[in-house]
Amino acid sequence: MVDYKSPWVFTRHTDVHNTVVEAGNSKSFSEKGSSQVDLADPSFKPEYIKRRNVADAACITTGNDSGDVLEVARYGATSDRMTSYCGIAKVACTFWISVLLFLTNDTSGRQYASPLDMSRVDVHYLDHNLTYYVGAEAVADDFRFMFVREPYSRLWSAYVDKFLLPDFWVSNGPSIMKRNKRRRWMKNKVCANNISFAEFADFVAASDPWKMNSHWKPVFLQCSPCLYRPHLIGKLETFSRDAREVLAVMNASWILDSFDPKQRVKDEVRNLISFNYYVSKVRDADDNCTSTAELAQRLWKTFQINGYLDDDLPFPPFQGEEVEETELMTSVDRALSTTLVKSRKERKEQRERAMVRAYRTVSKATLYKLQDIYWNDFVMYGYDPEPDFLFDQR
């Protein structure tokens, strides 16, 4: 494992970022990699080559041994070679793991018509035999792919998924609370159910990137393009298109043939409800972290943050002090009928507004520390380290 490449060794961040972007736009780098893959739609090839060029240029800048490769899953039923996936939490990893589990019939004896039918609990908590490899050497001859995401968005998503909702209240939450001097009186509290995004951001900004939880650990410290050398770098922002290209290489294009975006939203909502009721009732049963009524309100808020429900749609009145899982599902299904008529652009804008509001609570100093921590991710994967919608008026 090599030392973490601190971004502040550069004289000016913007100079390095601009140099890498220019290299990505040029044709000075080899097309080796993307050119070795037969794409379902060849018109996308220039974009994938550009992504590789940007990553290659960043690797030269930061050092070709920069980062690490931690967990690589393999699938061997492609036409001429194995396929390897380097997974990153909060970048559609549940989808790709479900695909690999389904294609290898590693489903704990359960039957599914499609990997899209597998729930979060099925994917992450049932017994599976999927083998993960550490390092890039074992997969050198495979078709290699990975997916990335805009770093500020990924961090915000990790907070919503793990701290607004109860998944990490007991496992990771207390350590965040203990570092806050104003919360010293709560240092023995097991359930950290009221951590703010600003507190979470401060915690991440003060952490050692190598020791971070995988859900917010920098991507290049888990799937460095300098070491893993992916043939195809997919992005969450263009997920549908990129996923179809990967599935075509895997001879599994049929998985998305009947994909319905609106139905997928409904499935995701049901998945989130079921998973978080499971967490609340089973894993944290002895900690008395939250009531089902509070959990339902947090889930409703999460669906608004994700653009699934309108911002101004009030939480429905339920009878009694508890809200059953089926009750919430029925109410959310009814509410979705009004939101899903909105365009994808409108739902995206709603998600962005929620994220901007959250980052407005983060200090300028912390924001720049986060920029430092994720600097290599910005540079390697072609993202803007200082987007106007987060940094203007600061």
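Residue numbers run consecutively from 1 along every chain, following the written order of its sequence. Side-chain atom pairs in this predicted model are given and counted only at pLDDT of 80 or more, local residue features only at pLDDT of at least 70, and totals for whole chains, interfaces and linings cover all residues. Excluded from the side-chain calculation are hydrogens and water; included are all heavy atoms of the structure.

### Looking at the overall build of the chain
At step 1: Elements are defined by DSSP. Helices are runs of H or I of four residues or more, strands are runs of E of two residues or more, and each kind is numbered from the N terminus. Helices and strands together make up the secondary structure of the chain, namely 16 helices and five strands.
At step 2: By the burial criterion, 54% of the 394 residues in the chain qualify as buried.
At step 3: What makes two residues a contact is simply this: any of their non-hydrogen atoms within 4.5 Å. Across the chain, the fraction of contacts at a sequence separation of at least 24, relative to all contacts at a separation of at least 6, is 76%.
At step 4: When the accessible area of the chain is evaluated, it comes to approximately 18400 Å², of which 49% is carbon and sulfur surface. Per-residue accessibility, obtained with a 1.4 Å probe over protein chains only, is compared with the maximum for each type, and a residue is labelled buried under 20%, exposed over 50%, and partly exposed between these values. Each accessible area value is a Shrake-Rupley result obtained with a 1.4 Å probe; residue values ignore everything except the protein chains displayed when judging cover.

### Here's the deal with the environment of Ser175
At step 1: With respect to the element layout, Ser175 can be found in helix α6 (residues 173–178).
At step 2: Here Ser175 falls in the partly exposed class, since its relative accessible area comes to 39%.
At step 3: In the structure, Ser175 is positioned 28 residues away from Phe203 in sequence and 9.0 Å away in space, judged by C-alpha atoms.
At step 4: For the purposes of these results, a polar contact is taken to be a pair of N or O atoms within 3.5 Å, where, inside protein, one atom must be able to donate a hydrogen and its partner to accept one; residues adjacent in sequence count only when each atom of the pair is a side-chain atom. At 2.8 Å, the side chain of Ser175 and the backbone oxygen of Asn172 are in polar contact.

### Focus on the packing of aromatic side chains
At step 1: Within 6.5 Å between ring centres, the rings of Phe, Tyr and Trp (the latter by its six-membered ring) count as paired, and their orientation is classed by plane angle as stacked under 30 degrees, edge-to-face over 60, tilted in between. On inspection of all chains with the given rule, the structure shows 32 aromatic pairs.
At step 2: Three or more aromatic residues link up through ring pairs in this structure, and these residues are Tyr152, Trp156, Tyr159, Phe163, Phe168, Phe197, Phe200, Trp216, Tyr359, Tyr368, Phe378 and Phe391.
At step 3: Throughout this description, the term charge over a ring refers to an Arg CZ or Lys NZ atom that lies within 6 Å of the ring centre and within 35 degrees of the ring normal. The lysine or arginine in question, Lys235, covers the ring of Tyr383, its NZ or CZ lying 4.4 Å from the ring centre.
At step 4: We note Arg241 situated over the ring of Phe44; from NZ or CZ to the ring centre the distance is 4.6 Å.

### A few points about the confidence of the model for the chain
At step 1: Per-chain confidence: the chain averages 86 in pLDDT, with 85% of residues scoring 70 or above.
At step 2: Every residue gets a pLDDT, meaning the predictor's confidence in that residue, from 0 to 100. Segment residues 26–35 is flagged for pLDDT under 50; beyond a separation of four residues in sequence, or across chains, it makes 17 contacts in the model.

### Some words on the sheet that holds strand β3 (residues 132–133)
Backbone hydrogen bonds are what pair the strands of a sheet, in a parallel or an antiparallel way.
At step 1: The pairing criterion is simple: DSSP has to find at least two bridges between the two strands. With mixed pairing, five strands are arranged side by side in an open sheet as β3-β1-β2-β4-β5. At either margin of the open sheet sits one strand with a lone partner, and together these are β3 and β5 (232–235).
At step 2: For helices, the fitted line uses only the C-alpha atoms of the stretch in contact; every axis is such a line through C-alpha atoms, and the angle between N-to-C directions lies from 0 to 180 degrees. Docked against the sheet, helix α9 (residues 239–249) engages β4 (143–148) and β5, running at close to 165 degrees with respect to β4.

### As for the nonpolar core
At step 1: If you look at the biggest cluster of nonpolar residues, it comprises 91 residues, and the most contacted ones within it are Trp96, Phe200, Trp216, Met250 and Tyr359.
At step 2: Only buried residues count toward a nonpolar core, which is a set of Ala, Val, Leu, Ile, Met, Phe, Trp, Tyr and Cys residues joined through side-chain atoms within 4.5 Å. Core analysis: the next-biggest nonpolar cluster, separate from the first, contains 21 residues, Ala296, Phe318, Val332 and Ala335 among them.

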